[in-house]
Amino acid sequence: AWNAHYPNMLHLDKEFLKRGLPLNDITFEMAKKGIYGKGDLRQLADQRVKALWSSSTSGTDLSFGDEHSYDVQSTLTPNGGLVITYTDITERKNAERIIAKAMAMVHDSIQYASRIQRSVLPAHDALSECFDDHFVIWEPKDVVGGDIYHLRSCDQGALLMVTDCT
């Protein structure tokens, strides 16, 4: 059984869906549309049916060749049947793509800031010229550190500044 949205969602001809149509026939039709990837169509269809019947509850995300994405859940019933539900998750998937793109931009910006920050730190050679005996432990909490140090040579010696962001 299926509701009125099912044939449209799967891009199936309403005349194709008849009462008692085996699930294997539906998955084979979907395999012909390339929904399950490339390969032997019957094998792809059979693998899909096997996955749907494989456990008491299983789920996956699918797209049927259009801009929509669906969460597909299959549940075995106590009397040996199978219920498959499709939930349109297109908006969620679009939001996830937007968030992923924004996160990538933030990550790239943080990496760039880290390169800038490391470039202004005094080089080991500059510290060695000013101080006979020294060591530096500079470990930013995250990618960009909140503390930084500067070195300036002058006639009377050197000026070392340690700056805390707080």
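Just so it is clear, the structure is predicted and the values come from calculations on it, not from any experiment.

With that settled, the discussion passes to the overall build of the protein. Scanning the protein for helices and strands turns up five helices and five strands. Taken against the 2.2 N^0.38 rule, which gives 15 Å for 166 residues, the C-alpha radius of gyration of the protein at 30 Å runs more than 25% over that of a compact globule. Seen through its principal axes, the protein has C-alpha atoms that stretch 95 × 35 × 30 Å. When the 166 residues of the protein are sorted by exposure, 23% land in the buried category. For the protein, long-range pairs separated by at least 24 residues make up 28% of all intrachain contacts whose partners lie at least 6 apart in sequence. Per element, the accessible surface of the protein, about 11900 Å² overall, is 54% carbon and sulfur. Of the side chains in the protein, 17 bear a positive and 23 a negative charge, and the two mean positions are spaced by 14 Å.

Attention now goes to the side chain of Thr-90. With respect to the helices, strands and loops of the structure, Thr-90 is situated in helix H4 (residues 90-120). When residues no more than four places from it in sequence are discounted, the contact partners of Thr-90 are Glu-67, His-68 and Ser-69.

One turn of an α-helix holds 3.6 residues; hence residues three or four places apart share an orientation. Buried within helix H2 (residues 23-32) we find Ile-26, Thr-27, Met-30 and Ala-31. An end-on view of H2 places all buried positions within 140° of arc, on one side of the element. Check the buried side of H2 and you find it contacts helix H1 (5-10) and helix H3 (41-53).

Turning our eyes to something else, we now look at the packing of aromatic side chains. All chains considered together, the criterion is met by one aromatic pair. Over the aromatic face of Phe-28 sits the side chain of Arg-42, whose NZ or CZ is 4.0 Å from the ring centroid.

A word on a nonpolar patch on the surface. On the surface, a cluster of nonpolar side chains totalling about 260 Å² of accessible area is made up of Val-106, Ile-110, Val-143 and Val-144. As for its placement among the helices and strands, Ile-110 is situated in helix H4. Residue classification places Ile-110 among the partly exposed positions, given a relative accessible area of 36%.

What follows is about the confidence of the model for the protein. When the pLDDT values of the protein are averaged, the result is 87; 96% of them are 70 or greater. When pLDDT is averaged over each element of the protein, H4 comes out on top at 94 and strand S1 (residues 57-62) at the bottom at 72.

Of the strand pairs in this sheet, strand S4 (residues 147-154) and strand S5 (residues 157-164) are connected by eight bridges, and their pairing is antiparallel. When the bridges of S5 are listed, Asp-147 appears paired with Asp-164. The turn joining S4 and S5, which pair antiparallel and follow one another in sequence, is formed by two residues.

Rules behind the numbers
Residues numbered from 1 in each chain as written. Predicted model: local features only at pLDDT ≥ 70, side-chain atom pairs only at ≥ 80, totals over all residues. Heavy atoms only, no water. Helix = DSSP H or I, 4+ residues; strand = E, 2+ residues; numbered from the N terminus. Rg over C-alpha atoms; globule rule 2.2 N^0.38 Å. Buried < 20%, exposed > 50% of the residue type's maximum accessible area, 1.4 Å probe, protein only. Contact = heavy atoms within 4.5 Å. Areas by Shrake-Rupley, 256 points an atom, 1.4 Å probe, with all protein chains shown as cover. Lys, Arg positive; Asp, Glu negative; His and termini not counted. Charge placed at Lys NZ, Arg CZ, Asp CG, Glu CD. Arc of directions from axis to C-beta. Phe/Tyr/Trp six-rings, centres within 6.5 Å; stacked < 30°, edge-to-face > 60°. Lys NZ or Arg CZ within 6 Å of the ring centre and 35° of its normal. Patch = residues over 30% accessible without salt bridge, like charges linked within 9 Å, V, L, I, M, F, W, Y side chains within 5 Å. Salt bridge = Lys/Arg side-chain N within 4 Å of Asp/Glu carboxyl O. pLDDT = per-residue confidence, 0-100. Pairing = 2+ DSSP bridges.

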